[in-house]
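Each chain, written out:
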Amino acid sequence: MNRVAVFSLPEELIAFYKPQIQFVTEKAVNPDRRRYAVAGEAEKHYIDLDVYGDSALHVLPVFWFDAVEKFGEDSLRAHGIGPWAAYLTFTNLTKAFEKKNKDAILRLSADLGHYLGDLNVPLHTTKNYNGQLTGQEGIHGFWESRVPELLSENFSLWVGKAEYVDKPQQAIWKAVATAHSQVDSVLQIERELSKSFSEELKYSFEERNGLTVRVYSREFTEAYSFALNGMVERQMKNSIKMIADFWYTAWINAGQPDLNTDDFTLTEEEENLNPDPKLKVREHN
């Protein structure tokens, strides 16, 4: 999604991002790797809205410090801080633009794309994030990975030109609300569809990295995507649009710095992303 978002940027930003498109594409996975290596990272990828009741979107403050005052930081982190973390990454990206810190711009752009993408996934907004509470284990990876893996070649992902976001924090929460409104459909449609597929038809086996693994079959995946009425494609487009808009907005808010006047070499120094066995991380493959 980061890769596609680059092409929605205005000419001044495309000239900066396109030569580094491989970087913002490949480094988009770093936040997931960081989940296993850095304490405090895992909760940045989701928010369990249903923990706060049916009125969660009215109960939860939009602004982080208001939320901390109302619920306490430990309690918030226990149920995910995705919307606030995404906004903090956005503000840090704005600061990187202001300083013309090109390494930081690219790394924060990659991170922000990941966080915004996560918040557009319905199952990143619920405590039943992998169907584990309803006997539907594996649905997270099915919706988020298997459907795009098999069907995205036929998705139309052009979202038009990037636009300025006047109220970024509110825009993030609106995206979360849209995603969360689809949780019931994600779960119910899979449950109902499974009734008409035997185990042999619902799953198949593929070779991956020298191992034979069980995966959702193409037939079941296609039927699920059709029953969802294009939800996965639609949410992917929403993510791409948000990513481009937020990169563009950060640049505008920073005063539209000229980033194409000096050549620079991207620092190849990598984060320490070695897994920490002490960290407890949600698994949702």
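Preceding this section is the structure that the text describes.
None of these values were measured; they are calculated from a predicted model.

This part is about the packing of helix 10 (residues 139–151) against helix 14 (residues 218–227). In contact at an axis separation of 10 Å, helix 10 and helix 14 are set at 100° when each is read in the N-to-C sense. With respect to helix 14, the element helix 10 is oriented roughly perpendicular. Of the residues in helix 14, those in contact with Ile139, Phe142, Trp143, Arg146, Val147, Leu150 and Leu151 of helix 10 are Arg218, Phe220, Thr221, Glu222, Tyr224 and Ser225. Residues of the contact of helix 10 with helix 14, tallied by class, amount to 8 nonpolar, 2 polar and 3 charged.

The pairing of strand 1 (residues 203–208) with strand 2 (residues 211–216) spans 6 bridges and is antiparallel. Within the sheet, the bridge partner assigned to Tyr203 lies in strand 2 and is Tyr216.

Moving on: the packing of aromatic side chains. Taken as a whole, this structure holds 14 aromatic pairs when the rule is applied. Aromatic side chains Phe90 and Phe246 sit 5.3 Å apart centroid to centroid with 70° between the ring planes, which places their arrangement in the edge-to-face category. Remark: Phe246 occurs in helix 15 (residues 231–253) and Phe90 occurs in helix 8 (residues 82–99); sequence separation between them is 156 residues. Each of the two residues, Phe90 as well as Phe246, counts as buried. On the basis of an interplanar angle of 90° and a centroid distance of 5.0 Å, the ring pair of Phe197 and Phe220 is categorised as edge-to-face. Here Phe197, found in the loop between helix 12 (183–194) and helix 13 (199–202), pairs with Phe220, found in helix 14; they are 23 residues apart in sequence, far enough to count as distant. Residue Phe220 is classed as buried on the basis of its relative accessible area of 0%. Through successive ring pairs, a cluster of aromatic residues spans Phe142, Phe197, Tyr203, Tyr216, Phe220 and Tyr224. Lying over the aromatic face of Tyr203, Arg214 brings its terminal NZ or CZ to 3.7 Å of the ring centre.

So, how was this worked out
Residues numbered from 1 in each chain as written. Predicted model: local features only at pLDDT ≥ 70, side-chain atom pairs only at ≥ 80, totals over all residues. Heavy atoms only, no water. Axes fitted to C-alpha atoms, helices over the stretch in contact; angles between N-to-C directions. Helix = DSSP H or I, 4+ residues; strand = E, 2+ residues; numbered from the N terminus. Parallel < 35°, antiparallel > 145°, perpendicular 65-115°, else oblique. Contact = heavy atoms within 4.5 Å. Nonpolar A, V, L, I, M, F, W, Y, C, P; charged D, E, K, R; others polar. Pairing = 2+ DSSP bridges. Phe/Tyr/Trp six-rings, centres within 6.5 Å; stacked < 30°, edge-to-face > 60°. Buried < 20%, exposed > 50% of the residue type's maximum accessible area, 1.4 Å probe, protein only. Lys NZ or Arg CZ within 6 Å of the ring centre and 35° of its normal.

Keep in mind these values describe shape, not function.
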